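Observations on the model geometry
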Amino acid sequence: MKLRHTIAGFALGLAALAGPAQAQEYFRLATLGPGSSPYLVMSTFAQIVNDALPDVEVQVNATGAATQHALEAGAGQLDFFMWSASVHQLMIGGQAMYANIPQAAELSTHLRAVLAFPLGPYHITTYADSGIESLDDLRGHSVFLGPPGGGATAIMQRTVEAATGLVAGTDYDQVQLGWDAAAQAFQDGRIDVYINSTLAPSPVIQQMALTRDIRFLGLTPEQLAMPAVQAIMNRPGGVLVEIPAGIYGDGQVNTESVTVPGSIVGIGAGEHVDADVVYAMTKAFWEGVEGMGSSAPWLRAIQLDHALDALNLPLHPGALRYYEEIGMEIPDALRPM
């Protein structure tokens, strides 16, 4: 008994010498599934912040749809989320996936931007021996457009219909799975076409190209000239991008670059998150990410010069402070009221 008291007293003495423990703040960040650009960028954001700020821990949740994450952040139930310019515009107007959510427009006013980054090309992927060589060939096949209720899913469904007239669920089977399950199903041969909006070269697509030859489908010049396709490409945050021939090595059979839709997305925060914390996180990320492009080639597309691209929601005061501090010009529309 005396020995136990001595040990306990010694431990208490060490604790007193060490001083009070530093309080840790926990923040919740939600993103898309592993392999997607948002997951890669936002998990890197969390890693850099956690390493640089010892009193902060960002916990990553990679389940669910970004459309739902935006609602949760607006309600103060989530700290950081993936914003999309096109999805945010729909949220403001209570349209599409937000049509039956009366509070969506109000919740959108409580969202703030931290930074923007390119989502990357929509990789419309099939195996080279599938017999599918164009978007018109999707008829009768199983196609993963994206998770149910997701913004990327809505964009690709509209794009395919505008370019080909093919209707999801009528002319082809729209696969209802999450990102991870769909990637595995495609590799198992249970899905004919797998679509993932991700920066190239994507680790997930690279893995697919290692096991079987793949082909990317794209929009033809004739399809790009269609007014309905143009309307989708000109949506908020919409861009046209190319998947270069050979970027996935010998496993990619395309001999020419493929033109596909792309989007600008980014990291957003609820307005409830403390400005000093967001300032420190924004600063830590941009100072930490600069030297990581050599080990992760997809990170080279994440550039400070484009941190404000396509923003259609105000900057978080903490992020605004950082960008002003480094001399970036901030449009009045991006300043929080």
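Residues numbered from 1 in each chain as written. Predicted model: local features only at pLDDT ≥ 70, side-chain atom pairs only at ≥ 80, totals over all residues. Heavy atoms only, no water.

Where helix 11 (residues 275-289) meets helix 12 (residues 317-325), the axes come as close as 7 Å, and the angle between the chain directions of the two elements is 50°. Considering the angle they form, helix 11 stands oblique to helix 12. In this structure, helix 11 crosses over helix 12, and the sense of that crossing is right-handed. Residue-level inspection shows Ala-275, Asp-276, Val-278, Tyr-279, Thr-282, Lys-283 and Trp-286 of helix 11 in contact with helix 12, the latter providing Pro-317, Gly-318, Ala-319, Arg-321, Tyr-322, Tyr-323 and Glu-325. Its residues placed into classes, the contact of helix 11 with helix 12 shows eight nonpolar, two polar and four charged. (Axes fitted to C-alpha atoms, helices over the stretch in contact; angles between N-to-C directions. Helix = DSSP H or I, 4+ residues; strand = E, 2+ residues; numbered from the N terminus. Parallel < 35°, antiparallel > 145°, perpendicular 65-115°, else oblique. Left-handed = near helix turned anticlockwise from the far one by under 90°. Contact = heavy atoms within 4.5 Å. Nonpolar A, V, L, I, M, F, W, Y, C, P; charged D, E, K, R; others polar.)

It is worth spelling out the packing of helix 2 (residues 37-52) against helix 11 at this point. The interhelical angle for the contact between helix 2 and helix 11, taken along N-to-C directions, is 105°, at an axis separation of 9 Å. Here helix 2 is positioned roughly perpendicular relative to helix 11, judged by the angle of their axes. Each of Phe-45, Ile-48, Val-49 and Ala-52 in helix 2 lies in contact with helix 11, whose residues at this interface are Met-281, Ala-284, Phe-285, Gly-288 and Val-289. The residue inventory of the contact of helix 2 with helix 11, partitioned by class, reads eight nonpolar, one polar and no charged.

Turning to the pattern of salt bridges, a few remarks are in order. Scanning the entire structure with this criterion turns up nine salt bridges. In this structure, the salt-bridge partner of Arg-112 is Glu-271, at a minimum N-O distance of 3.3 Å. Separated by 159 residues along the polypeptide, Arg-112 in strand 4 (residues 111-118) and Glu-271 in the loop between strand 11 (258-270) and helix 11 bring together distant segments of the chain. With a relative accessible area of 40%, Glu-271 lands in the partly exposed category. Between Arg-335 and Asp-332 there is a salt bridge, and its shortest N-O distance comes to 3.8 Å. For Asp-332, a relative accessible area of 67% puts it in the exposed group. Salt bridges here are not isolated pairs; linked through shared partners, they connect Glu-324, Asp-332 and Arg-335. (Salt bridge = Lys/Arg side-chain N within 4 Å of Asp/Glu carboxyl O. Buried < 20%, exposed > 50% of the residue type's maximum accessible area, 1.4 Å probe, protein only.)

The next point concerns the sheet that holds strand 7 (residues 173-174). Taken in spatial order, the five strands make up an open sheet running 7-6-8-5-9, and their pairing is mixed. Since the sheet does not close on itself, it has two edges, and those belong to strand 7 and strand 9 (214-217), each with one partner. One ladder, built from two bridges, connects strand 6 (residues 142-144) with strand 7; its direction is parallel. When the bridges of strand 7 are listed, Val-143 appears paired with Gln-174. Here helix 7 (residues 179-187) sits on the sheet in contact with strand 5 (122-127), strand 6 and strand 8 (193-197), set at roughly 140° to strand 8. (Pairing = 2+ DSSP bridges.)

Cis geometry is found at the peptide bond from Ala-200 to Pro-201, where omega equals 0°. Within the fold, Pro-201 resides in the loop between strand 8 and helix 8 (203-211). The backbone phi angle of Ala-96 is positive, close to 50°, even though this residue is not glycine. Here Ala-96 is to be found in the loop between helix 4 (85-93) and helix 5 (104-108).

Judged by nonpolar contacts, the single largest core of 108 residues is most densely connected at Phe-80, Tyr-194, Met-281, Leu-315 and Tyr-323. Sequence-distant contacts of Leu-315, that is, excluding residues within four places in its chain, are made with Arg-112, Ala-113, Val-114, Leu-308, Leu-320, Tyr-323, Ile-330, Leu-334 and Pro-336. (Core = buried A, V, L, I, M, F, W, Y, C linked by side-chain atoms within 4.5 Å.)

Looking now at the side chain of Thr-198. Checked against the element boundaries, Thr-198 lands in the loop between strand 8 and helix 8. Not counting residues within four places of it along the chain, the set of residues in contact with Thr-198 comprises Gly-35, Ser-36, Ser-37, Leu-119, Gly-120, Pro-121, His-123 and Ile-205.

Right, let's get into the pairing of strand 9. Burial along strand 9 is two-sided: Ile-214 and Phe-216 and Arg-215 and Leu-217, pointing in opposite directions, are all buried. Bridging between strand 5 and strand 9 involves four bridges; their strand directions are antiparallel. Looking at strand 9, one finds that Thr-125 is bridged to Phe-216.

From the geometry alone we can't say anything about function, so treat these as descriptive.
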